[in-house]
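Residues per chain are reported as follows:
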Amino acid sequence: MEKPGSYIKRARDLEVYKRAYAISLEVHRATLAFPKMEQYALADQLRRSSKGICANLAEGFAKQTHSKPEFARFISMAMGSCSEVDTWISYAFDLGYITQAQLVEWLQSYAHIYGMLVNLREKLR
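Okay, so let's go over this structure.

Cut-off values and rules
- Residues numbered from 1 in each chain as written.
- Predicted model: local features only at pLDDT ≥ 70, side-chain atom pairs only at ≥ 80, totals over all residues.
- Heavy atoms only, no water.
- Core = buried A, V, L, I, M, F, W, Y, C linked by side-chain atoms within 4.5 Å.
- Buried < 20%, exposed > 50% of the residue type's maximum accessible area, 1.4 Å probe, protein only.
- Helix = DSSP H or I, 4+ residues; strand = E, 2+ residues; numbered from the N terminus.
- Contact = heavy atoms within 4.5 Å.
- Expected span 1.5 Å × (residues − 1).
- Bend = angle between axes of the 7 residues up to and from the residue.

Attention shifts here to the nonpolar core. With 32 residues, the main nonpolar core has Ile53, Leu57, Tyr110, Ile113 and Leu117 as its most contacted residues. Where this core is concerned, the elements lending two or more residues are helix H1 (15–31), helix H2 (42–63), helix H3 (68–94) and helix H4 (100–123). Ranked by residues supplied to this core, first place goes to H3 with 8 residues. Beyond its immediate chain neighbours, meaning those up to four positions away, Ile53 contacts Ala20, Ala78, Ser81, Cys82, Tyr110, Ile113 and Leu117.

Compared with the 32 Å implied by 1.5 Å per residue over 22 residues, the 31 Å span of H2 between its first and last C-alpha is a close match. Along its length, H2 reaches its greatest deviation from straightness, about 30 degrees, at Gly52.

Moving on, we come to H4. Between its first and last C-alpha atoms H4 spans 35 Å; for 24 residues at 1.5 Å apiece the expected length is 34 Å, and the two agree. Three or more residues of H4 are buried, namely Leu103, Trp106, Tyr110, Ile113, Met116, Leu117, Leu120 and Arg121. Here the buried face of H4 lies against H1, H2 and H3.

Attention now goes to the environment of Phe34. Summarising the element assignment, Phe34 is placed in the loop between H1 and H2. For Phe34, a relative accessible area of 4% gives the class buried. Between the alpha carbons of Phe34 and Tyr17 there is a distance of 26 Å; along the sequence they are 17 residues apart. Those residues within four positions of Phe34 in sequence are excluded, and the remaining contacts are Gln39, Leu42, Ala43, Leu46, Ala92, Tyr97 and Ile98.

Quick look at the structure:
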């Protein structure tokens, strides 16, 4: 995950944060092309849940100086957002808003991010 001996000063330094941020930007851009009627429904849900991963990591990381269990709780919430994204991605594909290639790429990316979150949470125990 992180390089041994490297110092993590903020959530943005975490590899899982970097990956989640990059894919959330891709998801955000893609959802801008969804039909207008979906901009405040499916597209918004997809954008929020994808960004929620980074937001939860950032908030939890900031609280870890006071409580490692609190950071673990926020990682669990990020895992929930990751699972939520999977659901919205499936809807987007089934409704014809994203391609098969996007579906596969995004699902693989979020599965990897989920695994990284599990590993990070385990390191806190």
